[in-house]
Amino acid sequence: MEQIVAVFLGTRKGPSWATEIRTELIRKSIHLLIALVPTLATWNLGFTIALLGSGIIVYAYAETARLKGYEIAVISRVTAMAARKRDTGKFVLGPVTLGLGAMLSLLFFPEPAASIAIYALAFGDGLSSLVGRTFGSVRLPFTGGKSLEGSLTCFLAVLSSSYALTGDTGRSVAVAFVATVVEAAPTKDLDNVLLPVVVGAVAALLFR
């Protein structure tokens, strides 16, 4: 138990690791919120698309202001807390691609493909990154440092959400496999767009 506590406190891998995990927790908490989109879209599709679009515009304005030294309420502070080292001094693109990925899923795909795509983005990508950075030890080649543990998490998350929506095991396995391959590609923040678009297209073909 002490070893487990030590890992989570960062004493085993150092304070920089603990800081990285805290940053990832903040990032992925935001990431997981996108899972609310299908529910909102069921209530009012037009409103949900408008909300995503306006959110992207407001965030882009706040982020541009932050880079110029102006802080916009809570947005700029949360962005700074969630920024990875590679984002230092740069426009943090993640929230833009996250909202865009969800919006494209709603615009391009019918149900249940749209929801499968968005849940793949929220749970598949979100949880895989968190698990991979926290517990990942087996690195996969040609993925830019992603881990087997993270990829397995992505597969299980997408399989579970797809099966919950469709009740079809075989086709849910196929969707989860595609999602895992796309998520493992070294595309950085662009996976927020590529993952839901590819998964949504495959799901639309399989669940016609």
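Residues numbered from 1 in each chain as written. Predicted model: local features only at pLDDT ≥ 70, side-chain atom pairs only at ≥ 80, totals over all residues. Heavy atoms only, no water.

Draft legend 1. Up close: the overall build of the chain. Counting secondary structure elements, the chain contains 10 helices and zero strands. Reading the chain from its N terminus to its C terminus gives the helix and strand order α-α-α-α-α-α-α-α-α-α. Within the chain, the fraction of its 208 residues that count as buried is 46%. Put simply, 67% of the contacts in the chain that link residues at least 6 apart link residues at least 24 apart. On the chain, roughly 11,000 Å² of surface is accessible, and the fraction owed to carbon and sulfur atoms is 70%. (Helix = DSSP H or I, 4+ residues; strand = E, 2+ residues; numbered from the N terminus. Buried < 20%, exposed > 50% of the residue type's maximum accessible area, 1.4 Å probe, protein only. Contact = heavy atoms within 4.5 Å. Areas by Shrake-Rupley, 256 points an atom, 1.4 Å probe, with all protein chains shown as cover.)

Draft legend 2. Structural detail: the packing of aromatic side chains. Across all of its chains, the model carries four aromatic pairs by this definition. Between the aromatic rings of Tyr-59 and Phe-91, the centroid separation amounts to 6.1 Å while the plane-to-plane angle is 80 degrees, which identifies the pairing as edge-to-face. On the criterion of sequence distance, the pair formed by Tyr-59 in helix H4 (residues 45–67) and Phe-91 in the loop between helix H5 (73–82) and helix H6 (94–108) is long-range, its members being 32 residues apart. Judged by relative accessible area, which is 31%, Phe-91 ranks as partly exposed. Aromatic side chains Phe-108 and Phe-109 sit 6.4 Å apart centroid to centroid with 80 degrees between the ring planes, which places their arrangement in the edge-to-face category. (Phe/Tyr/Trp six-rings, centres within 6.5 Å; stacked < 30°, edge-to-face > 60°.)

Draft legend 3. The arrangement of helix H7 (residues 113–135) in detail. Between the first and last C-alpha of H7 there are 31 Å, a value that for 23 residues agrees with the 33 Å anticipated at 1.5 Å per step. Ala-120 marks where H7 bends most, by close to 30 degrees. (Expected span 1.5 Å × (residues − 1). Bend = angle between axes of the 7 residues up to and from the residue.)

Draft legend 4. Structural context of the pattern of salt bridges. Summed over the entire model, instances satisfying the criterion amount to three salt bridges. With its nearest N and O atoms 2.6 Å apart, the salt bridge here joins Glu-63 to Arg-66. A residue pair is termed a helical-turn pair when its members lie 3 or 4 positions apart in one helix, as Glu-63 and Arg-66 do in helix H4 at three residues. A salt bridge links Glu-183 to Lys-146; the shortest N-O distance between them is 3.7 Å. Of this pair, Glu-183 sits in helix H9 (residues 169–184) while Lys-146 sits in the loop between H7 and helix H8 (148–166), placing them 37 residues apart in sequence. Look at Lys-146 and you get partly exposed, because its relative accessible area is 22%. (Salt bridge = Lys/Arg side-chain N within 4 Å of Asp/Glu carboxyl O.)

Draft legend 5. Region of the structure containing the packing of H7 against H8. Axis separation between H7 and H8 bottoms out at 7 Å; the angle between their running directions is 155 degrees. The angle between H7 and H8 falls in the class roughly antiparallel. Relative to H8, H7 is oriented so that their crossing is right-handed. Counting all contacts with H7, which are made through Ser-115, Ile-116, Tyr-119, Ala-120, Phe-123, Gly-124, Leu-127, Ser-128, Val-131, Gly-132 and Phe-135, the residues of H8 involved are Glu-149, Gly-150, Thr-153, Cys-154, Ala-157, Val-158, Ser-161, Ser-162, Leu-165 and Thr-166. (Axes fitted to C-alpha atoms, helices over the stretch in contact; angles between N-to-C directions. Parallel < 35°, antiparallel > 145°, perpendicular 65-115°, else oblique. Left-handed = near helix turned anticlockwise from the far one by under 90°.)

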